[in-house]
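# Observations on the three-dimensional arrangement
If you want the building blocks of each chain, they are given just below.
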Amino acid sequence: MSLITDATTGWSSPVTLTTDEIWQTRKGSVFVSTTVSPDPEDGLALHEFHAVQFPAGSAVRYRKEGPGEALVVREAI
């Protein structure tokens, strides 16, 4: 299990997955996207305890929503 604790309000660099993964927000809210150049308002919103599965080979970007902290857990499946 990997943790993402450095989410900012700007899009992250892409995280290329080597295995299928589930990403779950444990604190706060984040947006995730597999778009190459996501717009500032692009992405799928994940609020506390929401999750999404991404296939291996995906290049995932993330950003937090709002001023609070965000914690995302990545789990290989």
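Presented here is an overview of the structure given in this document.

Criteria and thresholds
- Residues numbered from 1 in each chain as written.
- Predicted model: local features only at pLDDT ≥ 70, side-chain atom pairs only at ≥ 80, totals over all residues.
- Heavy atoms only, no water.
- Helix = DSSP H or I, 4+ residues; strand = E, 2+ residues; numbered from the N terminus.
- Pairing = 2+ DSSP bridges.
- Axes fitted to C-alpha atoms, helices over the stretch in contact; angles between N-to-C directions.

## Overview of unusual backbone geometry
One non-glycine residue, Phe49, lies in the positive phi region at around 70°. Structurally, Phe49 can be placed in the loop between strand E5 (44–46) and strand E6 (51–54).

## Section: the sheet that holds strand E8 (residues 71–76)
Here 4 strands make up an open sheet; going across it, the order is E1-E8-E3-E6 and the pairing antiparallel. Each edge of the open sheet carries a strand with a single partner, namely strand E1 (2–4) and E6. Adjacent strand axes in the sheet meet at a mean angle of 25° when their direction is disregarded. Note: strand E3 (residues 21–27) against E8, 6 bridges, orientation antiparallel. Counted as the bridge partner of Thr25 is Val72 from E8.

## Some details on the pairing of E3
Consecutive side chains of a regular strand alternate in pointing toward one face of the sheet and then the other. In terms of strand pairing, E3 meets E6 through 4 bridges, oriented antiparallel. If you follow Trp23 over to E6, its bridge partner there is Val52.

Keep in mind these values describe shape, not function.
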